[in-house]
Amino acid sequence: MSLTPEHLQTAAHTYGTPLYVYDAAELDAALARVRAAFGDARVYYAMKANPNLTLLRRLHAQGVGFECVSAGELARAARVGATGDRILVNGPAKSPGEYATGAQLGATFILDREEEVRLLPPASRALVRVNPALNVSTHDHLATGAAGSKFGVTLEQAPRVLDALRAAGHTGLGLHVHIGSAIRDAHDFTAAFHRLGELRAHTGPLDVLDAGGGWGLGADLHGIAREARAAAATFGAQLWVEPGRYLVAQAGTLLTRVVGTKRTGRNFVLVDAGMTELLRPMLYGATHPVTPLWERGGTDTWDLAGPACESGDLLGRDLTLPDPQPGDLLAIHEAGAYGAAMSSNYLTRARPAEVLHDAGIWTVIRQRETPQDIWRAEENV
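This section reports on the structure supplied with the text. Remember, it's a predicted structure, so these values are computed and weren't measured experimentally.

Topic: the overall build of the protein chain
A count of helices and strands for the protein chain gives 12 helices and 17 strands. In terms of overall dimensions, the protein chain is globule-like: its C-alpha atoms have a radius of gyration of 22 Å, near the 21 Å expected for 381 residues. The C-alpha extent of the protein chain, read off along each of the three principal axes, is 70 × 50 × 40 Å. Out of the 381 residues in the protein chain, the part that is buried amounts to 54%. Between the mean site of the 35 positive side-chain charges and the mean site of the 41 negative ones, the protein chain shows a separation of 3 Å.

This is the structure we're talking about:
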């Protein structure tokens, strides 16, 4: 990330805290790393990681498509001008409205179960999502390629679903696999691609192999790409990929100020951001790098505690920090994915502002909410 502590201090002073800041240069760099590794593979951004319209427009302008898993995400894709083969419609429980909107936009559907063949709009393009039934090296809530997860059809079902698609007058483009997010062991991808390759004898050649995403932030992209290209070559297929967190996580930082401290059974730094601004630590046990933006003598070990009346409202544990005082600023890094996207109005807390730093200029890309914004839909009903 190219933002300096001075940049972050300026943003917090100007726009207040809690505050999400994004670095446009890092967003562009992440996309460049993906393209350098995967070459001419078609790139679809998994929008659920961060659906901010300004970020979507930037990615769309660079030729990136979108993987959408809700009616709202489809509306965002359309809002930034994406249509046709730039949109994928995914998800295990698509609504009739999502099928209709996807058809209207000319999107490609990702089938998650056999019954979807009869639910598709006429003459649809589709991929079949395969669950390779692996023990995946990530949190259970993030493991979508495990045998017990709710996603995809089995390896045995996949050829039959492809045949059913074609028999129903649809275009069965090929196969899709996504084994999870924040995968720690790259060998998981090798295993998944190998299991898909074993289907070649039953499917014949395919037009597309969509290898999903889920790469850890420090992953060997070139190594994963080699395996993915080899799998696609097995089918004579074009390779598609769907990075989400990888593209935006390191571009985003959550800024929060110290409210106070307390020492009980543990040492706590109390801050003005919490689970309503960053749910990942509570939901996934995720850890985020934290930088104190002050210098002071004396250090101790602290837990970073938010303002919610929930024992799980901790953004970090066992952090070594210099002596904290009210007003001090902390930067919580790698927060560009599933940070603002999962923020909530629990406790009638206003969701934070979001700002983008691009070529030396700060731009507000989401205004800070007010209580009136939160309850507007409850008035005059």
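What about the packing of helix H7 (residues 187-197) against helix H9 (residues 221-235)?
Remark: H7 packs on H9, axes separated minimally by 9 Å, with the N-to-C direction vectors making an angle of 5°. Here H7 lies roughly parallel to H9, going by the angle between them. From H7, Phe189, Thr190, Phe193, Leu196 and Gly197 reach across to H9, where they touch Ile224, Glu227, Ala228, Ala231, Thr234 and Phe235. A per-class count over the contact of H7 with H9 returns 7 nonpolar, 3 polar and 1 charged.

Some words on unusual backbone geometry
In this model, Thr17 is joined to Pro18 through a cis peptide bond whose omega is -5°. Its identity as a non-glycine residue notwithstanding, Ala123 has a phi of 55°, on the positive side. Topologically, Ala123 is positioned in the loop between strand E5 (108-111) and strand E6 (125-129). We classify Ala123 as exposed; its relative accessible area is 61%.

Notes on the sheet that holds strand E7 (residues 171-176)
With parallel pairing, the 8 strands of this closed barrel are ordered in space as E2-E3-E4-E5-E6-E7-E8-E9. Each neighbouring strand pair of the sheet contributes to a mean axis angle of 30°, computed without reference to strand direction. Across 4 bridges, the pairing between E5 and E6 is parallel. Looking at the pairing, Ile110 lines up with Leu127 of E6. Against the sheet, helix H5 (residues 96-105) makes contact with strand E4 (87-89) and E5, and its axis sits at roughly 145° relative to E5, the strand it touches most.

A short note on the pattern of salt bridges
Throughout the structure, instances matching the rule amount to 16 salt bridges. We note a salt bridge from Glu67 to Lys48, for which the minimum N-O separation is 3.5 Å. Pair noted here: Glu67 is in strand E3 (residues 65-68) and Lys48 is in the loop between strand E2 (42-46) and helix H3 (53-61), with a separation of 19 residues, a long-range link. Because the salt bridges share partners, they merge into one network encompassing Arg266, Asp303, Arg317 and Asp318.

Parameters and conventions
In this numbering scheme, every chain counts its residues from 1 along its sequence in written order. Confidence filtering applies because this is a predicted model: local features only for residues at pLDDT of at least 70, side-chain atom pairs given and counted only at 80 or more, and all residues used for totals across whole chains, interfaces and linings. Note that water and hydrogens are dropped before the side-chain values are worked out from all heavy atoms of the structure. Strands are runs of DSSP state E lasting at least 2 residues, helices are runs of H or I lasting at least 4, and numbering of each runs from the N terminus. Our radius of gyration is a C-alpha quantity, and the globule rule it is checked against amounts to 2.2 Å times the number of residues to the power 0.38. The buried label goes to any residue with under 20% of its type's maximum accessible area, the exposed label to any with over 50%, and the partly exposed label to all in between, with areas taken from a 1.4 Å probe on protein chains only. In this count, Lys and Arg are taken as positive residues and Asp and Glu as negative ones, while His and the chain termini are left out. A charged residue contributes its charge at one atom only: NZ of Lys, CZ of Arg, CG of Asp or CD of Glu. Lines fitted to C-alpha atoms define the axes here, with helix axes fitted over just the stretch in contact, and angles between the N-to-C directions of these axes take values from 0 to 180 degrees. Each angle gets one of four labels, with under 35 degrees taken as roughly parallel, over 145 as roughly antiparallel, 65 to 115 as roughly perpendicular, and the rest as oblique. In this analysis, two residues are considered to be in contact whenever any of their non-hydrogen atoms come within 4.5 Å of each other. Residues are sorted three ways: Asp, Glu, Lys and Arg are charged, Ala, Val, Leu, Ile, Met, Phe, Trp, Tyr, Cys and Pro are nonpolar, and all the rest, Gly among them, are polar. Here a strand pair is declared whenever DSSP counts at least two bridges between the two strands. Between Lys or Arg on one side and Asp or Glu on the other, a salt bridge is scored when a side-chain nitrogen of the former is within 4 Å of a carboxyl oxygen of the latter.

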